[in-house]
Amino acid sequence: MMLRLLFITLLWFTTLSTRAQVKCGIDNIIDTQFGMFKGQRIALVTHAAARTLGGRSTAEAFLASTDVTLVRIMAPEHGFYGVITAGEAVPTDTIYDGVQVLSLYGERRRPSAAMISDVDRVVIDMQDIGVRSYTYISTMVEVMEACPTANVPVTVLDRPNPLGGTLVDGSIVDDSLTSFVGRLPIPYVHGCTMGELATMANDAGWLSKDSLGRARRCSLTVVKCKRWKRSMTWEQSGRPWYPTSPNIPSVHAIRGYAVTGLAGELSLLNIGVGSATPFTIVGAPAWQPEPTLVQRMAACGVRLMETRYRPSTGKHARLVCNGYHLGFDSTFRPYRAALTFLHHLAEQHADWYVDSVVASPKGRMFAKTSGRGPLLDALRAGKPWRDVEVHTTDGLADFVRRRQAYLLYD
């Protein structure tokens with residue numbers, strides 16, 4: 001019995017050790033004692049969710065090095081600590097351990113010349129969530145577009161995509177709808193790391209044009225992750241998840257965000273914001289179980305389990321809601337599931353659309369976030385599923401082919 005217990009204990013420690021082997025770009029920089037940055041003045045685009053394997057923030061790791069000088073920090077949406085509500089301007093009055101934190105989500109979203117011209121390099125280390133509408137991608141692109149003018153190189157410290165590297169789902173953004181929640185021509189769930197997206201944007205001519213009409217191109221270096229495989233889930237990486245924004249406390253919330261976030265843009269029903277399980281629970285006070293919806297979502301790899309809850313904020317705040325918890329299977333198709341969900345609500349609850357979308361700003365933001373101009377019109381008009389389904393794959397196959405040349409991991 002004792003030998004069996006010892007064997008199980010050793011197996012547990014071995015498994016834990018194996019799972020903890022995925023290293024991010026910052027871990028590899030630390031392993032080389034900041035060799036590639038030695039003697040340089042650095043501007044760091046980051047937030048507190050970007051952490052080392054040992055749990056320190058990347059900013060803390062740079063400050064602890066005697067080989068580099070951290071001149072300033074620039075923070076994306078939600079601020080350095082990730083506590084500012086979505087869409088709310090990030091102030092520039094924060095100091096982190098004596099270093100000023102400047103905002104890249106307020107009056108300006110692109111670094112000014114003064115913010116980068118006195119440094120040797122701009123380093124980007126942000127933990128993305130793998131969904132196009134999350135704005136850290138756009139912040140990275142804005143930085144990449146600013147640096148060529150100042151003749152400052154850019155280094156991206158890469159991190160795993162928490163949704164993995166094989167899950168790619170959704171259509172490409174309509175050209176007319178390019179925005180800060182859809183900056184690049186990529187699917188809603190893109191299956192790339194930030195380093196891969198940076199490489200693709202730089203080499204494929206996706207950065208904005210200069211004064212001569214040429215696509216900008218920055219001097220870019222990507223410090224890759226070690227031992228990360230595209231097939232890995234976040235749980236298999238062995239790394240803890242640090243919240244990247246107030247309503248992304250877990251990887252489960254990311255999976256939910258990819259499904260329910262679009263419904264949230266229209267305020268059709270409560271999507272768990274204001275509860276302990278944001279994005280992974282949906283409901284409304286008078287909503288009753290709908291077996292057809294359960295079946296349709298199951299076909300997209302999303303399990304709906306009946307529940308009742310009371311959100312403290314958001315849609316239907318302080319009211320008891322009937323609804324569903326979301327679970328996710330290996331056949332998970334998040335964008336298809338999102339549109340399936342929206343189509344079912346349009347069929348069964350057309351009055352929700354009329355009541356909630358009258359305010360045009362919601363409709364415009366939905367179009368930008370979904371990337372599809374005609375989609376909302378099709379839903380509100382009660383079009384059949386085939387007329388909505390066409391919006392799930394437009395440009396997807398071409399993107400999958402194009403991205404192959406820019407993938408940094410197997």
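Residues numbered from 1 in each chain as written. Predicted model: local features only at pLDDT ≥ 70, side-chain atom pairs only at ≥ 80, totals over all residues. Heavy atoms only, no water.

Draft legend 1. Quick peek at the overall build of the protein chain. Each helix and strand counted, the protein chain has 15 helices and 10 strands in total. Against the 2.2 N^0.38 benchmark of 22 Å for 410 residues, the protein chain shows a C-alpha radius of gyration of 22 Å, consistent with a compact globule. Projecting the C-alpha coordinates of the protein chain onto the three principal axes gives extents of approximately 75 × 65 × 45 Å. The long-range share in the protein chain, meaning contacts at least 24 apart out of those at least 6 apart in sequence, stands at 74%. In the structure as shown, the protein chain presents an accessible area of about 17,500 Å², 53% of it carried by carbon and sulfur atoms. Positive and negative charge centroids in the protein chain, built from 44 and 36 side chains respectively, lie 3 Å apart. (Helix = DSSP H or I, 4+ residues; strand = E, 2+ residues; numbered from the N terminus. Rg over C-alpha atoms; globule rule 2.2 N^0.38 Å. Contact = heavy atoms within 4.5 Å. Areas by Shrake-Rupley, 256 points an atom, 1.4 Å probe, with all protein chains shown as cover. Lys, Arg positive; Asp, Glu negative; His and termini not counted. Charge placed at Lys NZ, Arg CZ, Asp CG, Glu CD.)

Draft legend 2. Spatial organisation of the packing of helix 8 (residues 251-265) against helix 10 (residues 334-348). Relative orientation of the contacting elements helix 8 and helix 10 amounts to 35°, with a least axis distance of 8 Å. Every pair of crossing elements has a handedness; the one defined by helix 8 and helix 10 is right-handed. Packed against helix 8, whose contacting residues are A258, V259, L262 and A263, the element helix 10 presents P334, Y335, A337, A338, L339, F341 and L342 at the interface. Grouping the amino acids of the contact of helix 8 with helix 10 by side-chain chemistry returns 11 nonpolar, no polar and no charged. (Axes fitted to C-alpha atoms, helices over the stretch in contact; angles between N-to-C directions. Left-handed = near helix turned anticlockwise from the far one by under 90°. Nonpolar A, V, L, I, M, F, W, Y, C, P; charged D, E, K, R; others polar.)

Draft legend 3. Spotlight on the sheet that holds strand 5 (residues 121-125). The strand order 3-4-2-1-5-6-7 describes an open sheet built from seven strands, whose pairing is mixed. The open sheet has two edge strands, strand 3 (94-96) and strand 7 (220-223), and neither has a second partner. Averaged over all neighbouring strand pairs, the angle between strand axes comes to 25°, with direction disregarded. One ladder, built from five bridges, connects strand 1 (residues 41-46) with strand 2 (residues 69-75); its direction is parallel. For L44, the partnering residue across the bridge sits in strand 2 and is I73. Across the sheet, helix 6 (residues 194-203) touches strand 6 (154-157) and strand 7, and the angle it forms with strand 7 is around 160°. (Pairing = 2+ DSSP bridges.)

Draft legend 4. Inspection of the sheet that holds strand 9 (residues 302-309) at higher detail. Taken in spatial order, the three strands line up as 8-10-9 in an open sheet, and their pairing is antiparallel. In the strand order of this sheet, the two ends are held by strand 8 (281-284) and strand 9, each with one partner. With strand direction ignored, the average angle separating the axes of adjacent strands in the sheet is 25°. One ladder, built from eight bridges, connects strand 9 with strand 10 (residues 321-328); its direction is antiparallel. Within strand 10, the residue paired with Y309 across the bridge is C321. Contacts from helix 9 (residues 291-298) reach strand 9 and strand 10 within the one sheet, and its direction differs from that of strand 9 by about 140°.

Draft legend 5. Fine view of the packing of aromatic side chains. The final tally for this structure, using the stated rule, is 16 aromatic pairs. Taking 6.5 Å as the distance between ring centres and 70° as the angle between the ring planes, the aromatic pair formed by W287 and F341 counts as edge-to-face. Here W287 is found in the loop between strand 8 and helix 9, whereas its partner F341 is found in helix 10, with 54 residues between them in sequence. Both residues of the pair, W287 and F341, belong to the buried class. Members of the aromatic cluster, each reached through a chain of ring pairs, are Y134, Y136, Y257 and F279. Over the aromatic face of F180 sits the side chain of R109, whose NZ or CZ is 4.5 Å from the ring centroid. (Phe/Tyr/Trp six-rings, centres within 6.5 Å; stacked < 30°, edge-to-face > 60°. Buried < 20%, exposed > 50% of the residue type's maximum accessible area, 1.4 Å probe, protein only. Lys NZ or Arg CZ within 6 Å of the ring centre and 35° of its normal.)

Draft legend 6. Empty space enclosed by the protein, seen in detail. What the rule picks out here adds up to two cavities of 30 Å³ or more. A volume near 100 Å³ is recorded for the largest cavity. Along the walls of the largest cavity sit A49, R51, T52, L53, Q127, R159, W234, R239, P240, W241 and Y242, which together make up its complete lining. Classifying every residue of the lining of the largest cavity by side-chain character gives six nonpolar, two polar and three charged. Taken as a whole, the second largest cavity encloses approximately 50 Å³ of empty space. Along the walls of the second largest cavity sit M126, Q127, D128, I129, G130, R159, P160, N161, P162, C192, T193 and M194, which together make up its complete lining. Of the residues contributing to the lining of the second largest cavity, the split by class is six nonpolar, four polar and two charged. (1 Å grid on protein atoms, 1.4 Å probe; cavity = no way out; pocket = protein on both sides within 12 Å on 5 of 7 lines; lining within 4 Å. Points joined across faces, edges and corners; volume = space filled by probe spheres on them.)

Draft legend 7. Region of the structure containing the pairing of strand 1. The buried fraction of strand 1 amounts to five of the six residues, a majority that puts the element mostly inside the structure. In this fold, the crossover linking strand 1 to strand 2 by way of helix 3 (residues 58-64) has right-handed handedness. Judged from the five bridges that link them, strand 1 and strand 5 form a sheet pairing that is parallel. What sits directly across from T46, in strand 5, is D125. (Right-handed = clockwise from strand over helix to strand, strands pointing away.)

Draft legend 8. View of the nonpolar core. In terms of nonpolar packing, the biggest core is built from 92 residues, with V122, L269 and W287 touching the most fellow members. In contact with V122, not counting residues within four places along its chain, are A43, V45, M74, I116, V143, C147, V152, P153, V154 and T155. One finds I29, F37, I73 and A75 within the second-largest nonpolar core, a separate group that totals 22 residues. (Core = buried A, V, L, I, M, F, W, Y, C linked by side-chain atoms within 4.5 Å.)

Draft legend 9. Region of the structure containing helix 15 (residues 396-403). Every buried residue of helix 15 is listed here: L396, F399 and R403. All buried residues of helix 15 lie within an arc of 60° about the axis, which places them on one face of the element. (Arc of directions from axis to C-beta.)

Draft legend 10. Representation of helix 5 (residues 136-150) in the model. The end-to-end C-alpha distance of helix 5 is 22 Å, a good match for the 21 Å that 15 residues give at a rise of 1.5 Å each. With 12 of 15 residues buried, helix 5 is to be regarded as a mostly interior element. Taken residue by residue, helix 5 has Y136, I137, S138, T139, M140, V141, E142, V143, M144, E145, A146 and C147 as its buried positions. At the C-terminal side of helix 5, N151 shows a positive phi close to 60°. (Expected span 1.5 Å × (residues − 1).)

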